[in-house]
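Geometric and topological summary
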Amino acid sequence: MALFFFLIFESPPKVRLVRGPHRCEGRVEVERNGEWGTVCDDGWNMKDVEVVCRELGCGAAKGTPSGNLYKPLANEKQKIFIQDVNCNGTENELIECDRVEDVFDCSHSEDAGAICEKAPPKVRLVRGPHRCEGRVEVERNGEWGTVCDNGWNMKDVEVVCRELGCGAAKGTPSGNLYKPLADEKQKIFIQDVNCNGTEDELIECDRVEDVFDCSHSEDAGAICEIPETVRLVGGPGRCKGRLEVKHQKQWGTVCKAGWNLSAAKVVCRQLGCGKATLIKRCCNKDTQGQGLIWLSNVSCSGREEDLQHCLSGLEGYNNCTHDEDTWVECEDPFKLRLVNGDTSCSGKLEVLHKGIWGSVCDDGWAKKEEQVVCQQLGCGKPIFVPAKARKKFVPGNGRIWLDDVNCKGEEQSLEQCQHRSWGYHDCNHKEDVVVFCLEGQPDI
């Protein structure tokens with residue numbers, strides 16, 4: 001039987017946006033004979049930006065800013081290739097639009113800019129300690145599949161890190177380090193990835209898409225540095241305080257205009273804190289910021305992984321004052337542990353809330369709940385253990401934090417399961433939950 005596979009080569013766009021906060025915003029440049037030049041903004045409008053956004057695979061067109069907003073400015077020796085661009089807005093590429101190519105009356109002070117919605121990444125890292133480390137998965141037609149590690153190297157990881165808005169590439173671990181492993185039914189989408197390291201997205205790299213000789217034991221992994229682009233300052237801990245974002249290597253505040261709980265959820269998730277509990281203005285001069293106000297009119301769905309993926313006004317352009325700085329409060333990071341067992345994968349379940357460890361009541365507790373706990377701890381699957389082994393755990397003392405926990409079994413954290421309000425229960429410590437996972441099986 002003959003085996004066929006194909007290398008995928010995609011011609012890169014003839015347009016790009018440079019010096020912006022992401023690849024879907026910045027000063028417009030077009031390519032001609034291997035050289036990049038700018039676009040004069042004479043006649044530049046939203047229809048032209050619509051075409052740029054479409055060609056780049058970005059989201060909707062949002063603005064036509066001056067290219068001079070994006071520093072550093074174009075070098076005076078760089079050519080201005082086109083002016084008087086006139087698109088009807090339906091073209092797939094800017095080169096299809098009417099335009100004047102003999103530019104004689106424009107300077108770089110008239111360079112065109114474009115703002116498009118940032119398209120969600122087509123790659124993600126799962127089961128790692130944070131969004132910038134884990135097993136590599138790519139999206140195709142709404143389905144997520146893994147990447148075979150044949151040929152996988154640091155240049156490929158560099159592209160993944162860039163696409164995710166993470167920091168520098170740090171490693172190419174096996175995807176099998178990240179538990180639980182990929183389900184055997186999950187597809188392996190690509191192999192033999194070959195990036196030169198300068199691409200903005202993994203889909204731009206050469207790759208083989210008909211995978212026939214890989215298994216999930218060869219899934220690729222990636223480690224990137226975590227970029228610090230968001231922080232909460234002036235509060236009683238890293239999860240409470242005045243919101244600041246980093247842009248062009250400088251920290252600035254965020255205006256309260258348009259801010260809501262959905263945006264706060266994104267910030268809390270990005271910081272690795274618990275759920276958002278409060279948003280308010282700074283109360284006094286001591287907690288207000290100074291200097292730059294970077295963002296205003298931030299609009300999030302609440303599902304974004306990074307505040308940069310939310311819509312907002314152009315960085316630094318607003319009429320806000322520091323009286324309107326945004327203040328966010330998140331719960332402390334959700335943590336759980338198994339204590340008094342033979343290993344860290346067996347024992348009495350405790351969860352951390354408001355800095356205090358407490359137990360979980362076994363009302364309604366079953367296999368699905370144990371499955372989530374074992375998965376969250378990286379301890380494999382739950383196992384049945386006879387009552388004899390469970391009885392060795394002496395009833396605890398102190399707080400009982402959770403009761404009536406109800407999981408579907410697919411959650412990545414026990415925090416995502418339904419439960420009564422923190423501290424509300426009708427239990428005593430004889431009902432404390434005890435969990436045994438496969439990697440913590442006791443000697444019985």
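Computed from a prediction, not measured in an experiment: that's the story for all the values here. (Residues numbered from 1 in each chain as written. Predicted model: local features only at pLDDT ≥ 70, side-chain atom pairs only at ≥ 80, totals over all residues. Heavy atoms only, no water.)

1. Digging into the overall build of the protein
Each helix and strand counted, the protein has 5 helices and 25 strands in total. Projecting the C-alpha coordinates of the protein onto the three principal axes gives extents of approximately 90 × 75 × 35 Å. Classification of the 444 residues of the protein by burial places 46% in the buried group. Here the protein displays about 22,600 Å² of accessible surface, and carbon together with sulfur accounts for 47% of that area. In the protein, 56 positive and 73 negative side-chain charges are present, and the distance between their average locations comes to 7 Å. (Helix = DSSP H or I, 4+ residues; strand = E, 2+ residues; numbered from the N terminus. Buried < 20%, exposed > 50% of the residue type's maximum accessible area, 1.4 Å probe, protein only. Areas by Shrake-Rupley, 256 points an atom, 1.4 Å probe, with all protein chains shown as cover. Lys, Arg positive; Asp, Glu negative; His and termini not counted. Charge placed at Lys NZ, Arg CZ, Asp CG, Glu CD.)

2. Some words on the pattern of salt bridges
By the definition in use, this model includes 19 salt bridges. With its nearest N and O atoms 3.0 Å apart, the salt bridge here joins Lys122 to Glu139. With Lys122 in the loop between strand 7 (113-116) and strand 8 (123-126) and Glu139 in strand 9 (residues 133-140), this pair connects stretches of sequence that are 17 residues apart. Across the pair Glu137 and Arg124 runs a salt bridge, and its minimum N-O distance is 2.8 Å. Of the two residues, Glu137 sits in strand 9 while Arg124 sits in strand 8, which places them 13 residues apart along the sequence. Of the residues examined, Glu137 reaches a relative accessible area of 4% and is grouped as buried. Taking relative accessible area as the criterion, Arg124 reaches 33% and is therefore assigned partly exposed. (Salt bridge = Lys/Arg side-chain N within 4 Å of Asp/Glu carboxyl O.)

3. Thoughts on the domain arrangement of the protein
Annotation of the protein at the domain level lists domain 1 (15-116), domain 2 (123-224), domain 3 (230-330) and domain 4 (335-436). Just the C-alpha atoms count here: the centres of domain 1 and domain 4 sit 56 Å apart. (Domains from an automatic or database assignment.)

4. Here's the deal with the pairing of strand 7
Going residue by residue along strand 7, you find Gly113 and Ile115 tucked away on one face and Ala114 and Cys116 tucked away on the opposite face as well. As paired elements, strand 2 (residues 25-32) and strand 7 share 3 bridges and run antiparallel to each other. Across the sheet, Arg27 pairs through a bridge with Gly113, a residue of strand 7. As judged from the 2 bridges shared by strand 4 (residues 61-63) and strand 7, these two strands associate in the antiparallel manner. Paired with Ala61 across the bridge in strand 7 is Cys116. (Pairing = 2+ DSSP bridges.)

5. Some details on the state of the cysteines
All chains considered together, the criterion is met by 16 disulfides. A sulfur-sulfur distance of 2.0 Å marks the disulfide that ties Cys161 to Cys224. Its S-S torsion of about -90° marks the bond between Cys161 and Cys224 as left-handed, since a negative value means left-handed. Of the two residues, Cys161 is situated in helix 2 (residues 154-163) and Cys224 in strand 14 (residues 221-224); the sequence distance between them amounts to 63 residues. With its sulfur 2.1 Å from that of its partner, Cys255 forms a disulfide with Cys320. (Disulfide = S-S within 2.5 Å.)

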